[in-house]
Structure formats: C-alpha cells, structure tokens
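Single-letter residue listing:
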Amino acid sequence: MTSEDIRIGVFVCHCGTNIGGVLDVPSLANYARTLPNVTYSTDNLYMCSEVGLTEIKENIKEHKLNRVIVASCSPRTHEPLFRAICQEAGINPYLFEMVNIRDQDSWVHMKEPEKGTEKARDLIRMSVHKAALLEPLERVKVAINHSAIVIGGGIAGMTAALNLGNQGFIVSLIEKEPELGGLLKSLNKVFPSNEDASTLLEIIDIIESHDNIHVYTSVIIENITGFIGNYKVTIKQNKETIDVDAGVIIVATGAIPLSPEGYFGYDQKKIISQLDLESLLKNDQVKANNITMILCVGCRNEERRYCSNICCMSAIKNAMLLIEKNPNAHITILFRDIQSAGTEYEKYYRKAREMGILFINYLPEKPPVIKKDFVDVYSALLNQDIKIPQDLVVLSTPLIANEDSEVLAKMLKVPLEENNFFLEAHVKLRPVDFATDGIYVCGSAHWPADIAESTSQANAAASRASTILWKDHLEVEGSTAEVKTELCIGCEACIRICPYNAITKDEETDTAIVNKIVCKGCGLCGASCPKNAIIIHHFTSDQIRAEIFTYGGAI
Amino acid sequence: MGFLCNWCSYAGADLAGVSRIQYPTNIRIIRVMCSGRVDPTFVIDAFLHGIDGVLVLGCHLGDCHYITGNYEAEIKMSSLSRLLSLVKFSDRMRLDWVSAAEGNRFAQIVSEFTKYIQELGPSPIKESKNKTQIIDDLEAVKSVLESSRLRGLIARQRDLVTEKNVYGNQIPVERFEILLNDAIHNEFIRHKIVIKIKEIGKSVPDIANEIGIKAKEVLDHIVVLRSRGLVDVHEINEEIPTFISIREGQE
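The rules behind each value
- Residues numbered from 1 in each chain as written.
- Chains lettered and ligands numbered in written order.
- Predicted model: local features only at pLDDT ≥ 70, side-chain atom pairs only at ≥ 80, totals over all residues.
- Heavy atoms only, no water.
- Helix = DSSP H or I, 4+ residues; strand = E, 2+ residues; numbered from the N terminus.
- Rg over C-alpha atoms; globule rule 2.2 N^0.38 Å.
- Buried < 20%, exposed > 50% of the residue type's maximum accessible area, 1.4 Å probe, protein only.
- Contact = heavy atoms within 4.5 Å.
- Areas by Shrake-Rupley, 256 points an atom, 1.4 Å probe, with all protein chains shown as cover.
- Pairing = 2+ DSSP bridges.
- Axes fitted to C-alpha atoms, helices over the stretch in contact; angles between N-to-C directions.
- Buried area = accessible area lost by both parts, 1.4 Å probe.
- Salt bridge = Lys/Arg side-chain N within 4 Å of Asp/Glu carboxyl O.
- Polar contact = N/O pair within 3.5 Å; in protein donor to acceptor, adjacent residues only side chain to side chain.
- Nonpolar A, V, L, I, M, F, W, Y, C, P; charged D, E, K, R; others polar.
- 1 Å grid on protein atoms, 1.4 Å probe; cavity = no way out; pocket = protein on both sides within 12 Å on 5 of 7 lines; lining within 4 Å.
- Points joined across faces, edges and corners; volume = space filled by probe spheres on them.
- Phe/Tyr/Trp six-rings, centres within 6.5 Å; stacked < 30°, edge-to-face > 60°.
- Lys NZ or Arg CZ within 6 Å of the ring centre and 35° of its normal.
- Domains from an automatic or database assignment.
- Parallel < 35°, antiparallel > 145°, perpendicular 65-115°, else oblique.

J.: When you look at the overall build of chain A in this model, what are you seeing that I'm missing?
T.: Within chain A, the regular secondary structure consists of 16 helices and 30 strands. Taking 555 residues into account, the globule formula puts the C-alpha radius of gyration at 24 Å, and chain A, at 32 Å, lies well above it. The C-alpha extent of chain A, read off along each of the three principal axes, is 95 × 60 × 45 Å. Considering chain A as a whole, with its 555 residues, one finds that 56% of them fall into the buried category. Here the analysis covers contacts within chain A between residues at least 6 apart in sequence; of these, 69% occur between residues at least 24 apart. Summed over all atoms, the accessible surface of chain A reaches about 24500 Å², with 51% contributed by carbon and sulfur.

Spelled out as structure tokens, the structure:
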C-alpha cells in the first residue's frame, strides 16, 4: 500500500467532561486533520456510546477510511470494543490505534489544561505516524484435539481423568507402574475420616470400566511434542511404541517418600518408617507397647528446606489407630512444629491429645537420640533431657520429587522449583496452570499434598483443561513474532530467550522459526536478535521508531 | 519519553489517572507489550531526536507477564547504560519497575525524573557548540548496539552465566562482566573510528588525535575493522597510509 492509499480517521472523545472538561477536544480534532494521511477527524461526547460507535462505522464507509484512531481512554479497557467496531465496518482490527488522553492525560493534568492539550496533540501525532505503518494481521484459527492426556495414575491423576471422562472427553491415563493407585495403595486408613484407603481405591474399577478413559500402565514416556490443542505424547508399553494425541496434558505424577536409610539407625525392624507402620497396621502386626514417633526426619533442613505438609496428620492418624487397637499403648510424638491447619485437622489433633498421646517438642540442633530401650530427648520447655521408654520407633520422612520429574519437565518444557517439584504459572492466580498453555498440574507432583488437596487440585486442573477442550477451535493473537529467514544466521539466541519455547530451528535451512500459536508477542526475541531478523508484528521497530521520531522531531 | 510495558507499568499509569494523581505533563508514553521489547537502540534514537530523558518501566522482577521479560530488559539496559556513560548520557536514561497497583509510584517516578532532567538541563545535542561531536558519539553507540557482536553477547548473557555451555562449562558472572565491558569499550572506539573516517580518509595519528587515544590502539582497531571489511586503505601519502570506511561489511 502506498502512502497515498492510507486514509486515517481520527475520533476524539470528550468522555463527558472527563476529557472535554480539561483538554480542548474540538481543537484536537481540528489539529488531527492537519496531520499526514488523516482523511477525516471529529469529536464526540462519548465515542464508546451507541451514537459514537455508529459515527465511527458510518465515517469508515463514507470516507473510505482504512486506519482508525480513537483518542479517549485506555486501550487496556476499550481497545477490544473499538477493534470489534472496525471489524464490523470491514477494517482489519489491527489497523486500529488508540491514544490515551484520559487516564494518562486529562485525569493527571487537571490543573494544566493547555499543557495537557499540547501533550494530547503530541500523542495523537505519534499515533497517526504509527497508524500509517500498521499492517493488517490475521488471527489464526487452530483446530483442537478434544481429548486429554493425564500423566500419573495416583489419586490426583485418576480424579482428573474421571472428571474429564464424565464430561464426555476422551482421556488417556498414563501410569508407569503396572497398576493404578499410586501411593494410596500402600496406605492403611486415611485422615481425617479414618476410612480405609481401599474404599477410595474403588475409583480404579470405575476408571478401568469407563467408556471415555483409556488406561495405559507400565508405560515409559519417550517424547512429547506439540502445543496447546495439539499435543503428541509418544509412549512405550511392552516394547510397543504408541503415539497418543491430545489437546491438553495434566501432570499428576505425584511424589515418593524419602527412604529413612541412614537416619536414626533405621533398620525396618525396631526403627521403621511411617509407611512401614501403615502396612503393619493393615495386617495387624504391631506388637510394641511403647512407641515413639519422630517427625521432620530428613526435611526442613539445609538439604530440604520445605515442609512435607502431610506427615503431622499421618503420624497423628497412626498414633490414634494404635491407641484404638491397644488402649494400653504409650505413644509419644516428637515434633518440631505441628501443622494442623483448618477446623478438621485441628479437631483431629485435639482428639489425639485427649486420647493420651504425648507430644514433645524437640529442637533441630538437639535431635532425639535412640538408645536400646528408650529415646533421649531434650525438652526446651522443661530445660532437661527426658528418657522415653520405647520398643518401636517410627520415623516420618518427607515426600520428595520423583526422580524422573526432571526428564519429564524437559520434555514438557515446563519449569521445576528448587526441590524438583513442578512449578505453577502463578502461586495465587494460576495455581494449577503452567506458563505453557494447555498443560496443568495437580497433586503431589506440584508439592506434597494430602488426599483432599490432591483431589481438589485434580478437579481444578480438569476444569481448567476443559475450558480449552470445550472450544471448537482456538483463536490465536495476530500480533506475534516472525523471523525474516533471509537475515537469520541460526545463532539460536532467540530460541534461548523465548519464555514460551515458541521458537525452534528448522534443521534444513538452519534458521529459526516462530510457532505463531505458541508465541505471545512479548517481543523479547526481536529486541535481542543480533541480526535484527525478527519482526514483532503490531509493535515493529519501524512503528515504534515512527512514534519516537514524531515526538522528537528533527535535530 | 517513557516506554511502558502493557501489563504492569502502563496499567500503573492508568491507575494514576483513575486515582487523579497529578504529575508533570512532560512525559510522552509509548506502549510496548514488555519492557524486554525495548531495543536499546530505541533509546539512542530518542536521544538523537532531541529527547531529554527516557524512562523504561516494566513489571517488578519476578512479576513479569512474560515470565523473564523484565530480566532481559534489565540486562539490555545495563549494557546500554554503560555505553551511555561513555558519552555522558547515562543520567538521562532510567529503568525502573512499576506494578499495575502502583499508580502513586508511577506518578512519583515521573515527577522525580522530570525534576532531575530539568536540573540537568536540555539535551546537549540541542546546543550548537558540540552538536556534531555528540551526534557522532551517539551514532557510534547506536552502531555498537546494532552490531551482532554486542547484541549476541547481551542476548546470551542470562543463558551464559546461568547455564552450562556444550562443553559443560559455566562462565562466572565476574568473567562475563569483564568480557562484556571489554566488548563495549572496544566496539565503541571502533565504531567511533568508522564514523570519523566515513567521508574523508585519515591517517592513524590524525584519528588518534581526534578521538584522544594512543595511535597504537587506533592501529589495533583498524586491523580488526579491516578484517571485518568495514575499513580499507584510502591512499598513501608520503608513506603514511590513510584509511576510510567502506560499505557495510561482514562482521
């Protein structure tokens, strides 16, 4: 398009008295008409009102406008509305520009109307020069595969799979072990309801007989490719390689308990883990009368700074079960801090104390010492050592990240935190999303979570995933990056800098290519490219320079 | 002039409006999606067009809408600032962070910066006395920032100092700093030389005199520039060669 063809319309808004009460709006409209390529300009009391919008549409037709500028409030609130009007009138929405003369002008320069008007003139002039360089862009429509892949068949993965399966989506549930169930299989009873873990495991039968859920067990994931709407996971099952396609992926790979090997003389006989105790309780094999539990073994230390979240409650649960079975038993829990948040868990903890379970606080710098028939512990409260008779010691160790989480994270191109748990996009605002679109996380893969937390996160992840799966197609922003292949030297700087892994290398041409579906248009690559070979559409260097030059003028 | 990221600072500026916090009218805002989008050459362009001060505002570190964008902005602006200090412009550029909830902070930064620039006075580029010299200097800075050598270093900075390379080595931050400073310093002089001999061929001693460095250094740079195909022998007068810039060469 040559510059003669460019016909810009400038619409200046009074916003009632919000703008008009400070700035000289009619003069701004008159001024706009003097600028290059401006075919038409006017002012209106409320540009966003029905009258204002109609005026824009009519003038686009009457004056054959092909660029529209509205000088009014903030594009953060009103750009979508005006863009839609442009589209209705047959103008590509990316040929629209907005000038912020309210939030960033009339409202902040209320006592300087003349200087404020001068600023508005500059801003309109900058926008007119940028508008002349705008290009029409297309929002790409991408088809969506309406099925999901859930990685991990523990309680979180199964809950997420069932949720999506019941909504009518096809779900592939992938588990590396031969059976579904995860850690729940090794538990006896679960807190705070004290029901049998096996009751919760009834979900396995529902899943395995579910029409919409395909279960793959004893599976190794070999590769993951694709992007939101179109992921492909290559798995290996019994030496057979299978490609599973899906629109979204939910990561529910859980965590594993740290082996207490090397802590407090762990021998699995007289000194056992909390998980060992679960199976003894299940089979009614506990013979001991004096039982001491030690919490925070191998965590909240230099090596693992985190709290494993579930150990306090599971120790309390097992202590109560022991008392129920043998009312004469003496149970002591040596703790650093008891975590019993919420009404249910606090009640549970109180009940344990009422049942006569002894809680003694120990200091990490003076840990308990296990002797032959007793445990020696220093109590800061009493300022003295206490001897507790024992014939069984139970150690609570934390849940730690799966060993293969690093490999999986690399394949998914999602981040891990310092302890190798999966890291969500935002701790408060996007707790089950990854920054990469179409991938979600739930359960202990993200952080040690109890069953209630795991299932609620699983349902949250499934519900987030379904927001994508229900769509007919995805519409992708037109303002993305594009590599000018002829300038690209294949240095890969952009590939490393892109926060979304949207850029890959075309092995044949040895140049970078941008996946427009994944690209979010942030522009980091363009501002960094050593060869200036990347165009950031809608914020091109030429467009930004036009604004700079226009304001600065000649020297 | 202010470059504001869409998600935090621009929203912060809007909030200043909604809260009717008044600040000086001097600033003209250019919206970009991310502070990391601001190519350092944009800032030089602004100075070359007589703008007295440039603010680059992004989200607070760790809060970037694009995860790591503002870290990249910080890296870019830090190199830019080092180059600007060579031409005494670094005071006129400031990088800061404003969240979407900090309307007050935005207004405060603009007010303080405006006051600071007013105290500094108008850009020296507007004074006729040294105008050509300053334009040459800024042009040299701009071409350094356009050169693939420096852009390559800046683009890979975070990667190089935080991750291991293909040989399993990680470059310590201190070593990278030395490398970067060397590159900045040398490239600046080289591009200055290129600009000095853009139209007229000059001898090494003449160039050294004009730029104010030793002839030996100039000669070293000329050798590098010749190997890049940016400079060539112009003519030889009484056994003293003069050099001249040639078309854009291969770097």
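Moving on, there is more to tell.
J.: Quick question: what am I supposed to make of the sheet that holds strand 1 (residues 8-13) of chain A here?
T.: Each strand in a sheet pairs with another by means of backbone hydrogen bonds, the pair being arranged parallel or else antiparallel. All names here are of chain A. Spatially, 2-1-3-4 is the arrangement adopted by the four strands of the open sheet, whose pairing is parallel. Here the strands that pair on one side only, and so sit at the sheet edges, are strand 2 (38-44) and strand 4 (96-100). Strand-to-strand twist in this sheet, taken as the mean axis angle between neighbours without regard to direction, amounts to 15°. By the bridge criterion, five bridges tie strand 1 to strand 3 (residues 67-72) in an arrangement that is parallel. Pairing of Ile8 across the sheet is with Arg67, part of strand 3. Strands strand 1 and strand 2 of the sheet are contacted by helix 1 (residues 25-33), whose axis makes an angle of about 175° with strand 2.

J.: Quick question: what am I supposed to make of the interface of chain B and chain A here?
T.: By a frequent convention, interface size equals the accessible area lost on bringing the separate parts together. Counting residues at the interface gives 58 residues for chain B, matched by 54 residues for chain A. Here chain B packs against chain A, burying approximately 4700 Å² in sum over the two surfaces, 57% of which is carbon and sulfur. Note that Arg496 of chain A is salt-bridged to Asp159 of chain B, the shortest N-O span being 2.6 Å. Counting every contact that joins chain B to chain A gives 25 residue pairs in polar contact (both at pLDDT 80 or more). Elements represented by at least two residues in the side of chain B that touches chain A include exactly helix 1 (9-18), strand 2 (29-32), helix 2 (40-48), helix 3 (69-86), helix 5 (131-146) and helix 6 (148-162) of chain B. Of the residues forming the side of chain B that touches chain A, the biggest block, seven residues, is contributed by helix 1 of chain B. Tallied by class, residues from the side of chain B that touches chain A come to 28 nonpolar, 15 polar and 15 charged.

J.: What am I meant to see in the environment of Arg304 of chain A here?
T.: All names here are of chain A. The residue Arg304 is located in the loop between strand 17 (290-294) and helix 10 (311-325) in this model. Exposure remark for Arg304: the relative accessible area of 12% places this residue in the buried category. Those residues in contact with Arg304 that lie beyond four places of it in its chain are Leu258, Tyr263, Gly298, Cys299, Pro398 and Ile400. Reaching out from Arg304, the side chain makes a polar contact with the side chain of Glu303 at a distance of 3.2 Å.

J.: Hey, could you run me through empty space enclosed by the protein in this one?
T.: Space left empty within the atom packing is revealed by a probe, the size of a water molecule, rolled over the atoms. Summed over all chains, the structure comprises five cavities of 30 Å³ or more. Its boundaries defined by the atoms lining it, the largest cavity holds a volume of some 250 Å³. Lining the largest cavity are 18 residues, and of these Met98 and Glu547 of chain A together with Tyr10, Ile29 and Arg31 of chain B lie nearest its centre. The set of elements that each furnish at least two residues to the lining of the largest cavity consists of strand 4 and helix 5 (113-132) of chain A together with strand 2 of chain B. Considering every element that reaches the lining of the largest cavity, the biggest residue donor is helix 5 of chain A, with five residues.

J.: Sorry, what's going on with the pattern of salt bridges here?
T.: Pairing between side chains of opposite charge can happen when their charged atoms approach one another. All told, the structure shown has 44 salt bridges over all chains when counted by the stated rule. Glu303 of chain A serves as the salt-bridge partner of Arg304 of chain A, at 3.2 Å between the closest nitrogen and oxygen. Asp232 of chain B is paired through a salt bridge with Arg226 of chain B; the nearest N and O atoms lie 3.6 Å apart. Among the residues examined, Asp232 of chain B registers a relative accessible area of 31% and is labelled partly exposed. For Arg226 of chain B, a relative accessible area of 44% corresponds to the partly exposed category. It is possible to trace a salt-bridge network through shared partners that takes in Asp136, Lys196, Lys202 and Glu210 of chain B.

J.: Which parts of the structure should I look at to understand the packing of aromatic side chains?
T.: Think of a pair of aromatic rings as described by two things: how far the centres are apart, and how the planes are tilted against each other in angle. If you walk through the whole model with that rule in mind, you get 15 aromatic pairs over all chains. A ring pair is formed by Phe191 of chain A and Tyr345 of chain A, whose centres lie 5.6 Å apart and whose planes are at 75°; its orientation type is edge-to-face. On the criterion of sequence distance, the pair formed by Phe191 of chain A in the loop between strand 8 (189-190) and strand 9 (195-196) and Tyr345 of chain A in helix 11 (residues 342-354) is long-range, its members being 154 residues apart. Assigned by exposure class, Phe191 of chain A and Tyr345 of chain A land together as buried. Site record: aromatic cluster; members linked through ring pairs are Tyr306, Phe421 and Trp447 of chain A. The lysine or arginine in question, Arg20 of chain B, covers the ring of Trp107 of chain A, its NZ or CZ lying 3.8 Å from the ring centre.

J.: Is there a simple way to think about the domain arrangement of chain A in this case?
T.: All names here are of chain A. Along its sequence, chain A is organised into domain 1 (3-139), domain 2 (148-256 + 400-473), domain 3 (259-397) and domain 4 (480-536). Summarising the inter-unit geometry, the C-alpha centres of domain 2 and domain 3 are found 31 Å apart. Residue-level contacts link 18 residues of domain 2 with 18 residues of domain 3. Taken together, the two surfaces of domain 2 and domain 3 that pack against each other cover about 1700 Å², and 58% of this comes from carbon and sulfur.

J.: Could you clarify how one ought to interpret the packing of helix 6 of chain B against helix 7 (residues 173-196) of chain B in this entry?
T.: Packed helices, taken two at a time, are described by the angle their axes make and the gap between the axes. Residues and elements named next belong to chain B. In contact at an axis separation of 11 Å, helix 6 and helix 7 are set at 175° when each is read in the N-to-C sense. Compared by their axis directions, helix 6 and helix 7 come out roughly antiparallel. Along the contact surface, helix 6 presents Arg149, Leu150, Leu153, Gln157, Leu160 and Val161, while helix 7 presents Val173, Phe176, Glu177, Leu179, Leu180, Ala183, Ile184, Glu187 and Arg190. Its residues placed into classes, the contact of helix 6 with helix 7 shows 10 nonpolar, one polar and four charged.

J.: For this particular structure, what's the right way to read the sheet that holds strand 6 (residues 147-151) of chain A?
T.: Residue and element names in this part refer to chain A. Spatially, the five strands line up as an open sheet ordered 10-7-6-14-25, and their pairing is parallel. This sheet does not close on itself; its edge strands, each paired only once, are strand 10 (213-216) and strand 25 (439-441). Averaged over all pairs of adjacent strands, the angle between their axes in this sheet comes to 20°, without regard to strand direction. Sheet topology note: the strand 6/strand 14 (residues 248-251) ladder contains four bridges and is parallel. Across the sheet, the residue bridging to Ala148 is Val248, located in strand 14. Of the strands in this sheet, strand 6, strand 7 (170-174), strand 10 and strand 14 are in contact with helix 6 (residues 155-166), which crosses strand 7 at around 165°.

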